[in-house]
Structures are given as structure tokens and as C-alpha cells.
Amino acid sequence: MTTRIGKSEARMRLLATADRLFYAEGVRSVGIDRVIAEAGVAKMTLYTHFPSKDDLIVAVLQYREEKVQAFFHDSMERHSRRSKDKLRAFFAALKEWFESPGFRGCAFQNAAVELADPKHPGSQFVRDHKRRFFESLRGFVEASVGESGAKVAPMVALLVEGAIVTAVITGSPESARVARDAAIKLAEEVKGK
């Protein structure tokens, strides 16, 4: 029983360390030896949990997805107290994320660019994540304007993805407001039809 707990703690330490390093510096530029050293585990411990760096990359992306979902859930709950509109709450959370210390954009966008190979398991995870993210976003749009929101959800998703990239490039959270205003205008137009 103690060994199982130790392995679980070591695995979580590896994931948290690799997530921090991959997000800050990139999945390709951070080596396994650095993850091992900063996590304070033996090389065998890493390979027990993750047979290859590719396995670690996918596990980190899964770990990051859970963190992103938790962040947006909590942030939207706080912002929903002021506005019951889920779409507005989402964009308020987006701006909050852009303003967070160490913001370096979307870990999934970053990984897709770095991995380059569309057949890499990490690239496949990113595509699946973006589909799940889109479904959540579509739900927020529909909650704001009804089922007709499904028509504009793809446009809103592109606004969000562009706002993320723009926030990284400009170093400003302003793109969240611009994307919000455009998304709300689109949603209102479809609602009015």
C-alpha cells in the first residue's frame, strides 16, 4: 500500500513538474533529465509511469486539460454571480486567464505547433481537446441565445482561438474584450432572426 501511494505521489510530481516546464519552455526544448531532476525522482520512477517522453507529453496534456477545465469552471462560477449569461462569464474567465502570472497562451496550441506531426499522439490529443472545448463553448453560446447559437458557435470558437494568440503576441488581455464584443454581436444577430 505504501508503495502505491509513493508511486502516485511521484507520478503527480512528475506531471506537475513537466506541465510547468513544458508550458513555460516548450515540450521539445525540455528534456527528460531536467523533468526528473526538478521533480526529484529517479529515472526509473519516470519510466515506470511513462515509458517514453511521448507518453509523458500526452499525460501532461491530459493533466493540463483537467486544470483548464477546473479553472474555467471556477472562474465562470465567480463571474456568473454578476451576469447569468454564460457567454459573458466565459469571456470574463478568458480575460482572467490572460491576466494570470506566467500566461503563455494555450498549452494545446503550443504543443500542436511544436509537435508538428499530426500523427503524434499528443497532436491527436490536442485535436480531441479542441473538439471537447468547442462543445463546451457551443453550450455557452446556446445557453445565452438558444439553439440557434449553434450556427455562430464555430465563429465564436475562432474568435476565442485568435484572442488567445493575440494575447500572447501583444502581452495584453484586451483581445478577450474584443472577442467578447464580437461574439455577443454575432449571438445577438442570430437570436434576433
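Anyway, here's the lowdown on the structure attached to this text. (Residues numbered from 1 in each chain as written. Predicted model: local features only at pLDDT ≥ 70, side-chain atom pairs only at ≥ 80, totals over all residues. Heavy atoms only, no water.)

Digging into empty space enclosed by the protein
- Tallied over the full model, the rule gives two cavities of 30 Å³ or more.
- The computed volume of the largest cavity comes to approximately 120 Å³.
- As for the largest cavity, its lining consists of 15 residues, of which Val-68, Trp-97, Cys-106, Phe-108 and His-129 are closest to the centre.
- For the lining of the largest cavity, the elements supplying multiple residues, two or more each, are α4 (53-80), α5 (86-98), α6 (107-115), α7 (121-145) and α8 (153-170).
- Taken together, the residues of the lining of the largest cavity sort by class into ten nonpolar, two polar and three charged. (1 Å grid on protein atoms, 1.4 Å probe; cavity = no way out; pocket = protein on both sides within 12 Å on 5 of 7 lines; lining within 4 Å. Points joined across faces, edges and corners; volume = space filled by probe spheres on them. Helix = DSSP H or I, 4+ residues; strand = E, 2+ residues; numbered from the N terminus. Nonpolar A, V, L, I, M, F, W, Y, C, P; charged D, E, K, R; others polar.)

Observations concerning the packing of aromatic side chains
- In this structure the tally under the stated criterion is nine aromatic pairs.
- Summarising the aromatic geometry, the rings of Phe-72 and Trp-97 are spaced 6.1 Å apart at their centres and angled 70 degrees between planes, so their arrangement reads as edge-to-face. Placement of Phe-72 in helix α4 and of Trp-97 in helix α5 is noted, with a sequence separation of 25 residues between them.
- Trp-97 sits in the buried class, given a relative accessible area of 15%.
- Here Phe-90 and Phe-133 contribute two aromatic rings whose centre-to-centre distance is 6.1 Å and whose plane-to-plane angle is 55 degrees, an arrangement assigned as tilted. In this pair, Phe-90 is assigned in helix α5 and Phe-133 in helix α7, connecting sequence segments 43 residues apart. Here Phe-90 and Phe-133 have matching classes, each one buried.
- Taken together through their ring pairs, the aromatic side chains of Phe-71, Phe-72, Phe-90, Phe-91, Trp-97, Phe-98, Phe-103, Phe-133 and Phe-140 make up a single cluster.
- Here the basic side chain of Arg-64 rests over the ring of Tyr-23, its NZ or CZ set 4.2 Å away from the ring centre.
- We note Arg-132 situated over the ring of Phe-125; from NZ or CZ to the ring centre the distance is 5.2 Å. (Phe/Tyr/Trp six-rings, centres within 6.5 Å; stacked < 30°, edge-to-face > 60°. Buried < 20%, exposed > 50% of the residue type's maximum accessible area, 1.4 Å probe, protein only. Lys NZ or Arg CZ within 6 Å of the ring centre and 35° of its normal.)

Thoughts on the side chain of Ser-175
- Mapping Ser-175 onto the fold places it in helix α9 (residues 174-192).
- Setting aside its immediate chain neighbours within four residues, Ser-175 contacts Phe-98, Ala-163, Thr-166 and Ala-167. (Contact = heavy atoms within 4.5 Å.)

With respect to the nonpolar core
- In this structure, Phe-90 and Leu-94 are the most contacted members of the largest nonpolar core, which totals 58 residues.
- Of all the secondary structure elements, the ones that give two or more residues to this core are α1 (2-25), α2 (32-39), α4, α5, α6, α7, α8 and α9.
- Residues contacting Phe-90, with those up to four places away along its chain left out, are Phe-72, Met-76, Phe-133, Leu-137, Phe-140 and Val-160. (Core = buried A, V, L, I, M, F, W, Y, C linked by side-chain atoms within 4.5 Å.)

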